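# Results of the structural survey
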Amino acid sequence: MVIISYDSYTQIKLSGKVVNETNNTPIKDAYLFITPINKAIKSNENGLFKTKLKPGDYTINVNYLGYKVYKKEISLTSNKELTILLQPKAESLEEVVLKEDIERLNIKDPQMSVNRLTAKTINRVPVVLGEADVIRSLIKLPGITNAGEGSSGFNVRGGGADQNLVLMDDATIYNSSHLFGLFSVFNPNAVKNLTLYKGGIPPRYGGRLSSVLDVDLKSGDLKDFKADANIGIVSSKLNLQGPIKDNKTSFYVGGRSSYAHLFLKLTDNSNSAYFYDMNLKLKHKFNKNNQLYFSGYLGRDVFSLDKSFKNTYGNAFANLRWKHRFNDNMNSDLSFTFTDYLYRLNLEFVGFEFDNGIYDFDINYDMKHYISSNIQFQYGLESIYHTFNPGYIRPTSASSGIEEDQLPRKYAFDNGAYFGVSQDITENLKLDYGLRLSAFYRLGQNEIPVYENNNPILYNETTNKYEEAEPIRTFNRSNTKIIESFYNLEPRISTAYSFSENSSVKASYNRMVQNMHLISNTSSPTPLDIWTPSGKFIKPQKLDQFAVGFFKELNDERFSLEIESFYKTIDNKIDYVDGADLIANDDVERFILNGEARSYGVEFLFKKNKGDFTGWLAYTLSRSEQRTPGRTPDEPGIADGDWYLANYDKTHDLSIVANYDWNKQWRFNASFIAQTGLPVNFPVGQFEFEGLNIPVFKGRNSNRLPAIHRLDISANYTPKKQNSWWEASWNFSIYNVYNRMNAAALSFEQNRNTGVNEAVRLSIFGIVPAVSYQIKF
Amino acid sequence: MKNNWVILLFLFFIVSSCEEVVKVDLEEAEKRLVVEASIKWIKGTDGNNQQIKLSKTRGFYQQNPIPVTQANVSISTAENTFNFVNDDENPGTYITDEFEPVIGQEYELNIQAEGENYRATEILKPVVPIDSITQRNDGGFSGEEIEIKTHYTDPAGVENYYLFNYQVSFIQIPTLEIFDDEFNDGNPIFSTYQEEDLETGNTINIQMQGVSQQYYNYLNLLLSQIGDSGGPFQTRPATVRGNIINLSDENNYPFGYFSLSEVDTLNYEVR
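Residues numbered from 1 in each chain as written. Chains lettered and ligands numbered in written order. Predicted model: local features only at pLDDT ≥ 70, side-chain atom pairs only at ≥ 80, totals over all residues. Heavy atoms only, no water.

### Examining the side chain of A:Asn46
Residues and elements named next belong to chain A. Mapped onto the elements, Asn46 comes out in the loop between strand E3 (39-42) and strand E4 (48-53). In this structure Asn46 comes out as buried when scored by relative accessible area, which is 4%. Of note is the side chain of Asn46, whose polar atom sits 2.6 Å from the backbone oxygen of Asp328. For Asn46, the contacting residues outside a window of four places in its chain are Lys17, Pro26, Arg325, Asn327, Asp328, Asn329 and Asn331. (Helix = DSSP H or I, 4+ residues; strand = E, 2+ residues; numbered from the N terminus. Buried < 20%, exposed > 50% of the residue type's maximum accessible area, 1.4 Å probe, protein only. Polar contact = N/O pair within 3.5 Å; in protein donor to acceptor, adjacent residues only side chain to side chain. Contact = heavy atoms within 4.5 Å.)

Take a look at the structure:
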């Protein structure tokens, strides 16, 4: 007699696929909610799901945006395969391509320190002049800030703006702002989704220390033509998308331009400041296993003062990507990208034009490999060939006294290979771990300097100042030869332990290495700043970040709470000796010293996710500091070798964002921020020289600008009566409602009329009302 | 009416940004000696009359200077020593009428003040003459300002550095500009001066000085300290030290600089 017994620990496998009923395409990231045990599982990239359950009766519920609710009762006695067919809803909501859930906290996912935003949220945070903006929405989240109005870039967890890897469809963006931070280079309507990693950075990313902002652009609706236009006070955008061949090929094209400068022309003022950018993306589906994408972008900022001075800069890229599906368990992604970052200055009244720029050619190969329901591998390679043009100057007229000159181009070859594992150790404990190997090669160039004793910077004991060393000779080496190589291992690990269905603890460690350094003498990047590769005198910067967090969903997912704490330490952080002169000064090694940096803090995010009233409260308490000692005990280094605050340190950073959907016509938004002012130096005395009062300063970053706080509100009105061809809506906004003059800078200067010293506060925006009109076809 | 509404909205935006004088409490660091020893040999004169000013640093808002009067000041070469005497009418200013300027000569400055000894050395730098001044009335950044150019021809094959000083009577402070010849060696070139409130009949006093590379570096640092000390675009302020050393106490260094230059100067009346 054979006795077959089921003990209570037997688990039965339930697996299957979620597909769209009408066209059989798989649906990824669909949540299957299994009652009565209240278990949630997710379908993968190919629509597949797997889980293990005890034998019994269950109901499978799937509620996916754009589809009718699915409910099926099953009785589980042995392993079961199930195909879940979802029926699309007759009317689809806006942003069908996006998942609303993408922003929701994922309790069990070990990925921590990440923020994801949809275009819908970006469009609902009121900003200056009524224009929605990607980066301005991000800085309202914890751990992310910027150096204030009028500054470009952003700072993540006490890191510099050059420590963020900004990617648009895999292309590296070197300057992420237009008009000095007024707008970012991302057209919000063209964004499909964006992810910002502040920590626990997956091994497939490398090259910058503090964060990765990965933006994917829309490739166009495969079935219907759509258009949307937005007309605002300062800029407008127009976006078109649709099929080129139904269900096979689609396109997305978008453009934005500002035109405020045209108003200046009306007043006979021949100055202008404007920007424009254009996106084009094409998608072609060969078959269900192969898709090809082309993405192109061109963005420019132009400032000109009466034709005597014209400054043009911006990014451009072209990317070709092939997505291939080997089988249900293996997907690959191969892309080729060409990037061009240009900065051009034309000074007609002196008679010259100055160019500098970076050109990159990048190959990326990523593989996702599902080994089993518990283990997934990700691995791949990346290679970037960089060409740097540090400066090219030419005269623009015969009477100009300037001579043509080309500073020697630099070349570098940046490579990375990674292997990562996502593993479910148990039902409640998940682990992501991996390793990235980076190999950075600095290649030959002309005029490589040689310094006496390999010291590019000297310390003059008599004047107590650091001075540039003159090279004793220079030599040339072909750019096919490697002159320096840097190999680094970057381990990455993160883990999540969920001790109930809606709370978990996560921890992560990552090591990041940065070989591209932004030479900037200011707190916020300006287009004058120059990127320099690691080399003989500039070593790679290395960072270790530890982060720990507690995550909880409350009240049936109406609220969520995230508390994270981080600690970062950086080696080989370079800083400039006092008084470095950086313009067209290419040999940066002559005025930098090596030091270290650290930042640490606590981030707190409380969100209300559901209901007519939604929003969040974000608070960060942190510190970011640096230390640059002298190379020997006799040298002072910077600030006497003591720790000093980083230029973008902000002790307190509070953001409150609230959205209220009153009815179908009206929607209101408000946002409030309060932050500590940036570190600066106030004068501690003065003396007279050559008829001028010269202020005396001491130390570095020993004072602060006054605290910043501001309230912005906006209202969105969609009229009931709509034209049958399009839907129109109005947006009214007020930036800085109570007109607080926040200090962007404090100058200590001498009044030209009286000769008396005074402190002058510069504020960039007082109260600014704005209106914009939006049309969707 | 519709046009006006549109312009009004835009002007609202540009008028929105502003500068305002504010009160900021400042601390004062310990006082230091300040030495302004700029020896200028004006072309066409004998250069015998020179002055050196000694004072102490003071609080940023304190207007009255603090002169240092009981010091011994002299400049010497291998052969000669020129003593400077405190001018009773201008305490803190030390004068001589016996100085002998020689192009390319190295000079040493010695000061004994408040029980400490100070020294600096520099070379007297020559300067080419001002070739001409041209004026245009549609210059400057707005396209409506009076702009003048001071033309000169840089000597080829030599590293040259220049300091320009422009002074107009209705502005209390001079405009200083410094140049090197990295991109224009040997070529005719110019320095530009524009000022929005310039009118016909105003007189501009222009001085062109030849300076050493060391003085050029000092001035570069010094001039960048003036104006903004805070904000995202500003370079970080530094403690700027000149070329004068305190022999008695290395850490008690003075501010200021000892320089010797040949100078060409002229007064230009705006047409």
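### A few points about the sheet that holds strand E11 (residues 164-168) of chain A
All names here are of chain A. With respect to topology, 5 strands assemble into an open sheet ordered E8-E15-E16-E11-E12, the strand pairing being mixed. For this open sheet the edge positions go to strand E8 (114-117) and strand E12 (171-172), each flanked by a neighbour on one side alone. By the bridge criterion, 5 bridges tie E11 to strand E16 (residues 211-217) in an arrangement that is parallel. Residue pairing across strands places Asn164 opposite Ser211, the latter belonging to E16. (Pairing = 2+ DSSP bridges.)

### Regarding the confidence of the model for chain B
Residue and element names in this part refer to chain B. With 88% of its residues at a pLDDT of at least 70, chain B reaches an overall mean of 86. Scored below 50 in pLDDT, residues 1-16 shows 16 contacts in the model against residues more than four places distant or in partner chains. Both scores are available for the predicted complex, with the pTM at 0.80 and the ipTM at 0.90. (pLDDT = per-residue confidence, 0-100.)

### Focus on the packing of aromatic side chains
Per the counting criterion, the structure on display carries 43 aromatic pairs over all chains. Relative to A:Tyr487, the ring of A:Tyr441 has its centre 5.8 Å away and its plane inclined at 85 degrees; by these criteria the two rings are edge-to-face. Placement of the pair is A:Tyr441 in strand E28 (residues 429-443) and A:Tyr487 in strand E33 (residues 482-500), with a sequence separation of 46 residues. Overall, the relative accessible area of 16% leaves A:Tyr441 in the buried class. For the pair A:Trp730 and A:Phe732, a centre-to-centre distance of 6.3 Å together with 5 degrees between the ring planes defines the contact as stacked. A:Phe732 gets classed as partly exposed once you look at its relative accessible area, which sits at 34%. By way of ring pairs, the aromatic residues B:Tyr152, B:Tyr162, B:Phe164, B:Tyr166, B:Phe179 and B:Tyr193 are connected into one cluster. Its guanidinium or amino end placed over the ring of A:Phe551, A:Lys506 lies 4.7 Å from that ring's centre, counting from NZ or CZ. A cation sits over an aromatic face here: B:Arg241 above B:Tyr253, 3.7 Å from the ring centre. (Phe/Tyr/Trp six-rings, centres within 6.5 Å; stacked < 30°, edge-to-face > 60°. Lys NZ or Arg CZ within 6 Å of the ring centre and 35° of its normal.)

### Concerning the sheet that holds strand E11 (residues 145-153) of chain B
All names here are of chain B. The antiparallel open sheet is built from 3 strands, whose spatial order is E10-E11-E14. A strand with exactly one partner marks an edge of an open sheet, and here the two such strands are strand E10 (132-139) and strand E14 (188-194). Direction aside, neighbouring strands of the sheet carry axes that sit 25 degrees apart on average. Of the strand pairs in this sheet, E10 and E11 are connected by 6 bridges, and their pairing is antiparallel. By the bridge assignment, Ile133 is partnered in E11 with Thr150. (Axes fitted to C-alpha atoms, helices over the stretch in contact; angles between N-to-C directions.)

### Overview of the pairing of strand E25 (residues 375-395) of chain A
All names here are of chain A. Where strand E24 (residues 352-370) and E25 come together, 18 bridges link them in antiparallel fashion. Among the inter-strand pairings, Asp366 is bridged to a residue of E25, identified as Gly380. The turn joining E24 and E25, which pair antiparallel and follow one another in sequence, is formed by 4 residues. Where E25 meets strand E27 (residues 410-424), 14 bridges bridge the pair, whose relative direction is antiparallel. Bridged to Thr387 within E27 is Tyr411. Here E25 pairs with strand E26 (residues 405-406) via 2 bridges, running antiparallel. The partner of Ile393 across the bridge, within E26, is Asp405.

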